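Each chain, written out:
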Amino acid sequence: MTTSGRIQVLRASERPATAWLNGGGVTREVAGFPAGAGLAGFDWRVSLADVAAAGPFSPFPGIDRVITLVDGPGMVLTVDGTEHRVDAPYRPFAFPGEAATDCRLLAGPVVDFNVMTRRGKVTADVGLITAPASADVPSGGAVLVVCLSGTAAVGTTAGDDARLARYDAALLDHPDTHRLRVDGVTAVITFRPAR
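Residues numbered from 1 in each chain as written. Predicted model: local features only at pLDDT ≥ 70, side-chain atom pairs only at ≥ 80, totals over all residues. Heavy atoms only, no water.

Enquirer: Give a detailed account of the pairing of strand β2 (residues 7–10), specifying residues and quantitative values.
Expert: On β2, burial covers both faces: Ile7 and Val9 on one face and Gln8 and Leu10 on the other are all buried. Relative to strand β17 (residues 169–172), β2 runs antiparallel, the two being bridged by four bridges. Of the residues in β17, the one forming a bridge with Val9 is Ala170. (Buried < 20%, exposed > 50% of the residue type's maximum accessible area, 1.4 Å probe, protein only. Helix = DSSP H or I, 4+ residues; strand = E, 2+ residues; numbered from the N terminus. Pairing = 2+ DSSP bridges.)

Enquirer: Tell me about the environment of Ser139, and name the residues and values.
Expert: Within the fold, Ser139 resides in the loop between β14 (133–136) and β15 (142–155). Separated by 36 residues in the primary sequence, Ser139 and Pro175 place their C-alpha atoms 5.7 Å from one another. With residues near it in sequence (within four places) discarded, Ser139 still touches Pro175 and Pro193. (Contact = heavy atoms within 4.5 Å.)

Enquirer: Which residues make up the nonpolar core, and what values go with them?
Expert: The biggest cluster of nonpolar side chains holds 23 residues, and the ones touching the most others in it are Phe113, Leu144, Val146 and Ile189. Broken down by secondary-structure element, the contributors of at least two residues to this core are β4 (25–33), β5 (44–51), β7 (63–71), β12 (110–118), β13 (122–129), β15, β17 and β18 (177–193). If we skip the residues at most four places from it in the chain, Val146 touches Val30, Phe113, Tyr167, Asp168, Ala169, Thr186, Ala187 and Ile189. Among the nonpolar cores identified, the runner-up in size contains 17 residues, and Ala135, Val143, Val145 and Val188 belong to it. (Core = buried A, V, L, I, M, F, W, Y, C linked by side-chain atoms within 4.5 Å.)

Enquirer: How would you explain the sheet that holds strand β10 (residues 93–96) if you had to name every residue and give the values?
Expert: Taken in spatial order, the six strands make up an open sheet running β3-β4-β5-β12-β7-β10, and their pairing is antiparallel. The sheet is open, and its two edges are formed by β3 (18–19) and β10, each paired on a single side. In this sheet, β5 lies alongside β4 in antiparallel orientation, the contact comprising eight bridges. Among the inter-strand pairings, Phe33 is bridged to a residue of β5, identified as Trp44.

Enquirer: Let's hear about the sheet that holds strand β11 (residues 101–105): which residues, and what values?
Expert: If you walk across this open sheet you meet the four strands as β6-β11-β8-β9, and the pairing is antiparallel. Both outer strands of the open sheet, β6 (55–56) and β9 (82–86), are each paired with one neighbouring strand and no more. By the bridge criterion, five bridges tie strand β8 (residues 75–79) to β11 in an arrangement that is antiparallel. Bridge assignment links Leu77 to a residue of β11, and that residue is Cys103.

Listed below in C-alpha cells is the structure:
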C-alpha cells in the first residue's frame, strides 16, 4: 500500500490469494474496514474472486452483498430458490448474505467483484464509471475506487494523482472531492454510516 496525500493506493500485485473452503475458487481482499478485522468482524469488505467451479456460497448473516461479473461468460445464482443470471459484465446484483445461495457457471471460470456491508452499520453505493467523474468522500465514510478494466487516475484538489492499473484500488477516507479519469471501467463504492 502506498499513500499519495489523502489517497491510499492498494496494488493488485500485493494481494494474497485465499482459497475457498469448498475448493471452488480463490478470493483476494481489496480492502476492508476496520483494517485486519477478518471475515467475522468487518463493517465493510471488498474483494475480487476467481470462481473456477460451481457450488454454494458461504452464508454471511446480517451482511448485504453486491456481486458484479468482471470477466468470463457468467453464472446463474440461485438465491433462496430463485434463479438470477449474472452474465452481463459490470452490472451489480444485490442480495442478502444470509440467503441460501448456489452458483452455476455458464461456460467456464469467471472473475467477480464483491462488496459486502454489515447491515445496520454501513451502506454502500456501488457505481461503475466509464468517463471522467468526481467522487465525494462523505463525512464519517469512505470511497473505494477499483479499476476493473483499462486504467484509471484519481486526483485530489491539491493536484496529487494516483494512477491505477487493472484491479488496483485507491481508498479515500478524508472528506474531499476527488477527480476520476478512466480508460475502461472503474468501480466507485461510497460507504456511509447507516442511519
